[in-house]
Amino acid sequence: MIESDTTPCIGQIVSTRKGRDAGQYSVIIQKVDERFVLIADGDKRKFDRPKKKNIQHLYFHNYISPEVQNSLTETGRVTNGKLRYALTKFLNEVLEDVKKGDEFDGER
């Protein structure tokens, strides 16, 4: 059996590889067991109704939101706004890095 190169962490940003929501970004809010996690994005998947997802169907990004992680460890809950904020912050950082590498202004 091949072990996953990353183990899921609470507050980690993931993107879905398989299923109806393929290509969407979410945050891990709970580990169910060694195979499944609960994910939410604060928009389509609220904290109160998270999606149970097989970790083999997820791509783990090397980014853990400290805001979400601290909120979940301190209170056991996180606001949907905080989930949206964490995803927006992550996407802006990732997209900025990608744009810097692929800039093209149309002139030669």
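Our subject is the structure that appears above.
Residues numbered from 1 in each chain as written. Predicted model: local features only at pLDDT ≥ 70, side-chain atom pairs only at ≥ 80, totals over all residues. Heavy atoms only, no water.

(A) Focus on the nonpolar core. Ranked by size, the top nonpolar core spans 14 residues in total, and within it I29, V68 and L83 carry the most contacts. When residues in this core are grouped by element, the largest group, 4 residues, is from helix α2 (residues 80-101). If near-sequence neighbours (up to four positions away) are discounted, V68 is found in contact with G11, V27, V78, K82, L83 and A86. Within the second largest apolar cluster, 7 residues are counted, among which are V14, I28, V37 and L58. (Core = buried A, V, L, I, M, F, W, Y, C linked by side-chain atoms within 4.5 Å. Buried < 20%, exposed > 50% of the residue type's maximum accessible area, 1.4 Å probe, protein only. Helix = DSSP H or I, 4+ residues; strand = E, 2+ residues; numbered from the N terminus. Contact = heavy atoms within 4.5 Å.)

(B) Representation of the packing of aromatic side chains. A full pass over the atoms with the stated rule returns 2 aromatic pairs. Where Y63 meets F90, the ring centres are 5.2 Å apart and the plane angle is 45°; that geometry is what we call tilted. Separated by 27 residues along the polypeptide, Y63 in strand β5 (residues 58-64) and F90 in helix α2 bring together distant segments of the chain. What makes Y63 buried here is its relative accessible area of 16%. Counting every residue linked through ring pairs, the aromatic cluster contains Y25, Y63 and F90. Sitting over the ring of F36, K52 keeps its end group 4.8 Å from the ring centre. (Phe/Tyr/Trp six-rings, centres within 6.5 Å; stacked < 30°, edge-to-face > 60°. Lys NZ or Arg CZ within 6 Å of the ring centre and 35° of its normal.)

(C) Broad picture of the sheet that holds strand β2 (residues 25-31). Reading across from one edge, β4-β3-β2-β1-β5 is the order of the 5 strands in this open sheet, with antiparallel pairing throughout. Only two strands of the sheet have a single neighbouring strand rather than two, namely β4 (51-54) and β5. Adjacent strand axes in the sheet meet at a mean angle of 45° when their direction is disregarded. Sheet analysis places strand β1 (residues 12-16) next to β5, joined by 4 bridges and oriented antiparallel. (Pairing = 2+ DSSP bridges. Axes fitted to C-alpha atoms, helices over the stretch in contact; angles between N-to-C directions.)

(D) Layout of the pattern of salt bridges. According to the stated counting rule, one finds 3 salt bridges in the structure shown. Between K53 and D21 there is a salt bridge, with its nearest N and O atoms 3.5 Å apart. A residue pair is termed long-range when its members are at least 10 positions apart, and K53 in strand β4 and D21 in the loop between β1 and β2 qualify at 32 residues. Across this residue pair, the class does not change: K53 and D21 are buried. (Salt bridge = Lys/Arg side-chain N within 4 Å of Asp/Glu carboxyl O.)

(E) Focus on the environment of K53. Given a relative accessible area of 6%, K53 falls into the buried group. Setting aside anything within four residues of it in sequence, one finds K53 in contact with T16, K18, G19, D21, R35, F36, V37, I39 and L58. A polar contact is formed between the side chain of K53 and the backbone oxygen of K18, at a distance of 3.0 Å. (Polar contact = N/O pair within 3.5 Å; in protein donor to acceptor, adjacent residues only side chain to side chain.)

(F) Looking closely at helix α1 (residues 66-75). Inspection of α1 places V68, S71 and L72 among the buried residues, and these make up the whole buried set. Taken down its axis, α1 places every buried residue within 95° of arc, on the same side. In α1, those exposed residues whose orientation departs by more than 90 degrees from the buried face are T73 and E74. Downstream of α1 by a residue or two, G76 has a phi angle that is positive, lying close to 85°. (Arc of directions from axis to C-beta.)

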